[in-house]
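# What the coordinates show
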Amino acid sequence: MLKRALLGLFSMLALAGFAPGGEGAPQLTIASIAQLPRPLPLPYHEGRDASADVDAALQRARAANKPLMIEFGGNWCADCRILAGVLALPQMRGWMARNYEVVHVDVGQFDRNLDIPARFGLARLRAVPAVLIIDPATGRMRNSGRELALADARILRPQAIADWMAQWTTN
């Protein structure tokens, strides 16, 4: 039974596009999400002008010639907070700053900022966390069809998240 569960997990990861030891990914010393610092971050701010935040981040991404990562979620979502916790790890935070412009967008209870995914070609936001990797030159989504690959962050190793992020940094 365990073998079948592991095969299912590995199949799911392969379908989501995970590759072990992603080239250029930081090597994280935390092996499990259980080791993340507590409390987990609360990265979403309902009072912010998310459209303005995305526009400003896209300008910075273009100026720096690095992709924009738009991460949609809510502070009520455990997977969203776990993903934010992994991105806040010291090794990951520095690597992300060098390789991405990052903006977190609050979706409320799926009643806020839903026009933003549509701007980048995602017709409907089905779940969170949803991650859009935007090419700085074209403004188009690099990871179309795989925006929900990190939606089950609670069952992923932090290194798998780092590896997934690394695959989108090249043009």
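Criteria and cut-off values
Residues take numbers from 1 onward in each chain, read along the sequence in its written order. With pLDDT at 70 or above as the cut-off, local features in this predicted model cover only qualifying residues; side-chain atom pairs require 80 or more to be listed or tallied, and sums for whole chains, interfaces and linings still use all residues. As a rule here, side-chain values come from all non-hydrogen atoms in the structure, and water together with hydrogens is ignored. Here, a salt bridge means any side-chain nitrogen of Lys or Arg that lies within 4 Å of a carboxyl oxygen of Asp or Glu. Relative accessibility thresholds used throughout: buried, under 20% of the residue-type maximum; exposed, over 50%; partly exposed, between the two (1.4 Å probe, protein chains only). Numbering goes from the N terminus for both helices and strands, where a helix is a DSSP run of H or I of at least four residues and a strand is a run of E of at least two. Pairing between two strands requires that DSSP report at least two bridges joining them. Should any heavy atoms of two residues lie within 4.5 Å, those residues are counted as being in contact.

Under the criterion given, the structure shown has eight salt bridges. Residues Arg 48 and Asp 53 are paired through a salt bridge, measuring 2.7 Å at the closest nitrogen-oxygen approach. Taking the relative accessible area as the measure of exposure, Asp 53 reaches 18% and is therefore buried. Note that Arg 154 and Asp 79 form a salt bridge whose closest N and O atoms lie 2.2 Å from each other. Taken as a pair, Arg 154 in the loop between β3 (130-134) and α6 (158-166) and Asp 79 in helix α3 (residues 78-87) lie far apart in primary sequence, 75 residues in all. With a relative accessible area of 43%, Arg 154 lands in the partly exposed category. Taken together, the salt bridges that share partners define one network made up of Arg 60, Lys 66 and Glu 101.

Attention shifts here to the pairing of strand β1 (residues 68-73). The side chains of a regular strand alternate, residue by residue, between the two faces of the sheet. Burial analysis of β1 places six of its six residues in the buried class, which makes it a mostly covered element. Side chains Leu 68, Ile 70 and Phe 72 of β1 all project onto a buried face; the interleaved residues Met 69, Glu 71 and Gly 73 project onto the opposite face, where all are buried too. For β1 and strand β2 (residues 101-106), the ladder comprises six bridges, and the chain directions are parallel. Bridge assignment links Gly 73 to a residue of β2, and that residue is Asp 106. Pairing between β1 and β3: five bridges, direction antiparallel. Opposite Ile 70, over in β3, you have Leu 132 as the bridge partner.

Looking at the element boundaries, Ala 34 is found in the loop between α1 (2-16) and α2 (50-64). For Ala 34, a relative accessible area of 62% gives the class exposed. For the pair Ala 34 and Ile 82, spaced 48 residues apart in the sequence, the C-alpha separation amounts to 9.6 Å.

Attention now goes to the side chain of Asn 113. Residue position: Asn 113 is located in the loop between β2 and α5 (115-119). Excluding residues within four positions of it along the chain, Asn 113 makes contact with Ala 50, Phe 72, Val 105 and Asp 106.

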